Amino acid sequence: MDITETQTTQQGTGAEVGRRVTHRRYVPYSHAHYAGNLVDGAYSLAAFGDVATEMCIQTDGDEGLFASYSGVQFKAPVRAGDVIEISAELVRVGRRSREMDFEVRVIARGNPERGTSAADVLDPPVVATTARGVVVVP
């Protein structure tokens, strides 16, 4: 195995650069913390933890442990009533570390002007939060 291969695939694991995990979820109104039904930024970070855990389970058969976040950017609000899509993409594979890029996209949003339960699909989705993170697996 040459040096390029070790950067993209770690022998004995399913960890490959470019592998992606995606979750979707509805943001309940019980998570609104601020005026305008705004949800705090920690909601996105918790969602990143969930997709990272699934990535580690799929690639290494272990939940792994988060070691760090870097470059966290809150680009647009996440609100109660949103449907969000959270993705993790594996960008670097080390012997025990896995580096991932994360993104939260709002794919649908409540529209109370049309009615109390009205909502609209957003096309294109709105990128709300991005980050890079490192997890460690045994």
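Scroll up to find the structure.
It should be emphasised that the depicted structure is a prediction, and the values quoted were computed from it without experimental measurement.

Below, the discussion takes up the sheet that holds strand β4 (residues 65–74). One key point about sheets: their strands pair by backbone hydrogen bonds, in either a parallel or an antiparallel sense. Taken in spatial order, the five strands of this open sheet run β1-β5-β6-β7-β4, and their pairing is antiparallel. At either end of the open sheet lies a strand with only one pairing partner, and these are β1 (20–26) and β4. On average, adjacent strands in this sheet sit at an angle of 25° to one another, irrespective of strand direction. Pairing geometry for strand β6 (residues 97–110) and strand β7 (residues 119–136), over 13 bridges, is antiparallel. When the sheet's bridge partners are listed, V106 is paired in β7 with V126.

Okay, the environment of R95 next. As for its placement among the helices and strands, R95 is situated in the loop between β5 (83–93) and β6. Once the C-alpha coordinates of R95 and P138 are considered, the two residues, 43 residues apart in sequence, prove to be 9.3 Å apart.

As for its placement among the helices and strands, H31 is situated in the loop between β1 and β2 (32–34). Under the relative-accessibility criterion, H31 is labelled partly exposed at 32%. The contact partners of H31, leaving out residues within four places of it in the chain, are V39 and Y43.

Here we come to the environment of R20. Residue placement: R20 occurs in strand β1. For R20, a relative accessible area of 44% translates into the label partly exposed. As a C-alpha pair, R20 and V91 span 71 residues in sequence and 9.6 Å in three-dimensional space. R20 has contacts with M55, S87, A88 and E89, leaving out every residue within four places of it along the chain. Within polar-contact distance, the side chain of R20 engages the side chain of S87 at 3.1 Å.

Turning next to the pairing of β5. Note that β1 and β5 share seven bridges and pair antiparallel. By the bridge assignment for β5, Y26 is matched with V83. Bridge count between β5 and β6: ten bridges; the pairing is antiparallel. Along β6, the bridge assignment pairs E89 with D101. Connecting β5 to the antiparallel partner β6 that follows it, the hairpin turn spans three residues.

Two side chains bearing opposite charge may form a pair once their charged atoms approach each other closely. Overall, the coordinates contain eleven salt bridges when judged by the stated rule. Put simply, R92 and E99 hold a salt bridge, and the shortest N to O gap is 2.9 Å. Here R92 falls in the partly exposed class, since its relative accessible area comes to 33%. Under the relative-accessibility criterion, E99 is labelled buried at 14%. With a shortest N-O distance of 2.7 Å, R114 and D120 are connected by a salt bridge. Taken together, the shared-partner salt bridges in this structure form one network comprising R24, E85, E103 and R105.

Conventions we followed
Residues numbered from 1 in each chain as written. Predicted model: local features only at pLDDT ≥ 70, side-chain atom pairs only at ≥ 80, totals over all residues. Heavy atoms only, no water. Pairing = 2+ DSSP bridges. Helix = DSSP H or I, 4+ residues; strand = E, 2+ residues; numbered from the N terminus. Axes fitted to C-alpha atoms, helices over the stretch in contact; angles between N-to-C directions. Buried < 20%, exposed > 50% of the residue type's maximum accessible area, 1.4 Å probe, protein only. Contact = heavy atoms within 4.5 Å. Polar contact = N/O pair within 3.5 Å; in protein donor to acceptor, adjacent residues only side chain to side chain. Salt bridge = Lys/Arg side-chain N within 4 Å of Asp/Glu carboxyl O.

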